[in-house]
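# Remarks on the overall topology
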Amino acid sequence: MIVRLQRTVLIVDDSLEDRESYRNYLLRDQEYSYTIIEAPLGREGVTLWQQTQPDVLLLNYSLPDLDGLEVLAQLQSSTQQQFLPVIILTGQGNETLALQFMKAGAQDYLVKEQITPQSLQLAVNSTIATSDLRHVLRESEERFRMVVDNIPQLAWIANAEGLIYWYNQRWFEYTGTTLAEMEGLGWQKVHRPDYAEKVLERFRHYTKLGLPWEDTFPLRGQDGLYRWFLSRAIPIADEQGRTIRWFGTNTDITELRAAQAALEERNSELDSFVYIVSHDLKAPLRAISNLSQWIEEDTQTV
């Protein structure tokens, strides 16, 4: 027995004949079993979308009340999603129009006169797969952000060329900056001027080599004070071994440096003390040695 996956499709088209054709085409699909919802107008389609959250929307571009782009704009406004599982159905095979659909968030478009059962099923299945993948990636990204936002280090991600495009929440809390200020090479604003150029030069060298990078330098906090950080970044490669991004962290080592400096100072003081004590002891020891030698010589004389 073949178990078909259950999906919901919303068809928004003012042509009853076209809606019936699309319904029949989808019912022939061997992979999915569809619950099909229909609406003849754009506004009704938006309402049904919000109520049912379908897996795919087949949207006729030319509707009596709204056109496809207006419907897409309302859907994006209500969902806050850049990409939507929407297939535009149009009577024009126009590349310029198709580009408008994609920029507006649609996943695909089909020219009505060219639609076949196979082409419609393929477009719907592809849109579902893409939507599922985006959902998985979005969940993974949210989990990643939740973890990285709660680590004690400042963290960031750069593109293959080393230009930073994302920081964790710790970075903004420490520096008091915004992403708009810090994107690209904006991080130099919170570096001490006498270190910034050297850090950039060293980081660029390692990004060109594609090797892990490490450096130590001060960063300015939102209180205007500098603290020392140990910074590391590793390259993230694709399946072909090409670096596609960098993941970096900045670990606050201010207290550690202070402790090491204090220890070095104590060790230096101890060395000085040992030297002084050793030097001061040499005189009485020589005197005792000389006295012992004198007594021994005097005894022999007697």
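Summarised in this report is the structure supplied together with it. Per chain, residue numbering runs from 1 following the sequence as it is written. Given that the model is predicted, a residue must reach a pLDDT of at least 70 before its local features are reported, and side-chain atom pairs must reach 80 or more before they are shown or counted; all residues, however, enter totals for whole chains, interfaces and linings. In computing side-chain values, all of the structure's heavy atoms are included and hydrogens and water are not.

### Concerning the layout of surface pockets
Let me state the cut-off plainly: Space inside and on the surface of the protein is sampled on a 1 Å grid over the protein atoms alone, with a cavity defined as a set of points where a 1.4 Å probe fits but cannot get out and a pocket as an open set with protein on both sides within 12 Å along at least 5 of 7 lines; lining residues have an atom within 4 Å of a point. Grid points are joined across faces, edges and corners, and a volume is the space filled by probe spheres set on the points. Runs of H or I in DSSP of at least four residues are treated as helices and runs of E of at least two as strands, each being numbered from the N terminus. Polar here means any residue other than Ala, Val, Leu, Ile, Met, Phe, Trp, Tyr, Cys and Pro, which are nonpolar, and Asp, Glu, Lys and Arg, which are charged; Gly is therefore polar.
The space that makes up the largest pocket amounts to roughly 510 Å³. Ranked by the residues each element gives to the lining of the largest pocket, the list is headed by helix α5 (residues 117–148), at 8 residues. Of the residues that constitute the lining of the largest pocket, the class distribution is 7 nonpolar, 7 polar and 6 charged. Reported here for the second largest pocket is a volume of approximately 260 Å³. For the second largest pocket, the full set of lining residues is Glu 141, Phe 144, Arg 145, Ile 157, Tyr 165, Trp 166, Ile 236, Arg 245 and Phe 247. Secondary structure elements with two or more residues in the lining of the second largest pocket: α5, β7 (164–167) and β10 (243–252). For the lining of the second largest pocket, the element with the most residues is α5, which contributes 3 residues. Across the lining of the second largest pocket, the residue classes break down as 6 nonpolar, no polar and 3 charged.

### Thoughts on the packing of aromatic side chains
Put simply, the test is: What counts as a ring pair is set by centres within 6.5 Å for rings of Phe, Tyr and Trp (its six-membered ring), and what kind of pair is set by the plane angle: stacked under 30 degrees, edge-to-face over 60, tilted for all other angles. Partly exposed residues are those whose accessible area sits between 20% and 50% of the maximum for their type, while under 20% is buried and over 50% is exposed, using a 1.4 Å probe and protein chains only.
Scanning the entire structure with this criterion turns up 14 aromatic pairs. A centroid spacing of 5.5 Å and a plane angle of 85° characterise the contact between Tyr 195 and Trp 228, whose relative ring orientation is edge-to-face. Placement of the pair is Tyr 195 in helix α8 (residues 193–209) and Trp 228 in strand β9 (residues 226–237), with a sequence separation of 33 residues. Of the residues examined, Tyr 195 reaches a relative accessible area of 23% and is grouped as partly exposed. Trp 228 gets classed as buried once you look at its relative accessible area, which sits at 17%. Taking the centre distance of 6.2 Å and the plane angle of 70° together, the rings of Phe 203 and Trp 246 count as edge-to-face. Taken together, the residues span a long stretch of sequence, with Phe 203 in helix α8 and Trp 246 in strand β10 at a distance of 43 residues. By the burial criterion, Phe 203 is buried, and Trp 246 matches it. The structure contains a cluster of three or more aromatic residues connected by ring pairs, namely Trp 156, Phe 203, Trp 213, Phe 217 and Trp 246.

### Side note on the environment of Gln 114
Residue position: Gln 114 is located in the loop between β5 (108–111) and α5. Separated by 23 residues in sequence, Gln 114 and Gly 91 place their C-alpha atoms 9.2 Å apart.

### Some points on the sheet that holds β9
Inclusion rule: Two strands form a pair only when DSSP identifies at least two bridges running between them. Here an axis means a line fitted to C-alpha atoms, over the contact stretch when the element is a helix, while the angle between two N-to-C directions is reported on a 0 to 180 degree scale. Working rule for contacts: check all heavy atoms of both residues, and any pair within 4.5 Å makes them a contact.
Strand order across the open sheet formed by 5 strands is β7-β6-β10-β9-β8, with antiparallel pairing between neighbours. Of all strands in the sheet, those with a lone pairing partner are β7 and β8 (213–220), marking the two edges. Recorded for the sheet is a direction-independent mean angle of 25° between the axes of neighbouring strands. Pairing analysis gives 9 bridges linking β9 to β10, with the strands arranged antiparallel. When the bridges of β10 are listed, Ala 237 appears paired with Thr 243. Packed onto the sheet, α8 meets β6 (154–159), β8, β9 and β10 and runs at close to 155° relative to β8.

### Thoughts on empty space enclosed by the protein
One pass over the full model with this rule turns up 1 cavity of 30 Å³ or more. Looking at the lining of the largest cavity, the elements that each hand over two or more residues are β7, α8 and β8. The class makeup of the residues in the lining of the largest cavity is 10 nonpolar, 2 polar and no charged.

### Some words on helix α2 (residues 42–52)
Let me state the cut-off plainly: Starting at the helix axis, one direction is taken to each C-beta atom, and the arc is that of these directions.
Within the span of α2, buried status applies to Gly 42, Gly 45, Val 46, Leu 48 and Trp 49. Relative to the axis of α2, the buried residues are bounded by an arc of 165° and lie together on one face. Lining the buried residues of α2 we find β1 (5–12), β2 (32–39), β3 (56–60), α3 (68–79) and β4 (86–90). Directly after α2, the chain includes Gln 53, whose backbone phi takes a positive value near 50°.

### Description of the sheet that holds β4
Pairing is parallel across the open sheet formed by 5 strands, whose spatial order is β2-β1-β3-β4-β5. With partners counted over all chains shown, the strands left at the sheet margins are β2 and β5, one partner each. When strand polarity is set aside, the average angle formed by the axes of neighbouring strands in this sheet is 20°. Here 4 bridges tie β1 to β3, and the two strands are oriented parallel to one another. Across the sheet, residue Leu 10 finds its bridge partner in β3, namely Leu 57. Each of β1, β2, β3 and β4 touches α2; the most contacted strand, β2, lies at about 135° to it. Against the sheet, α3 contacts β3 and β4, and its axis sits at roughly 145° relative to β3.

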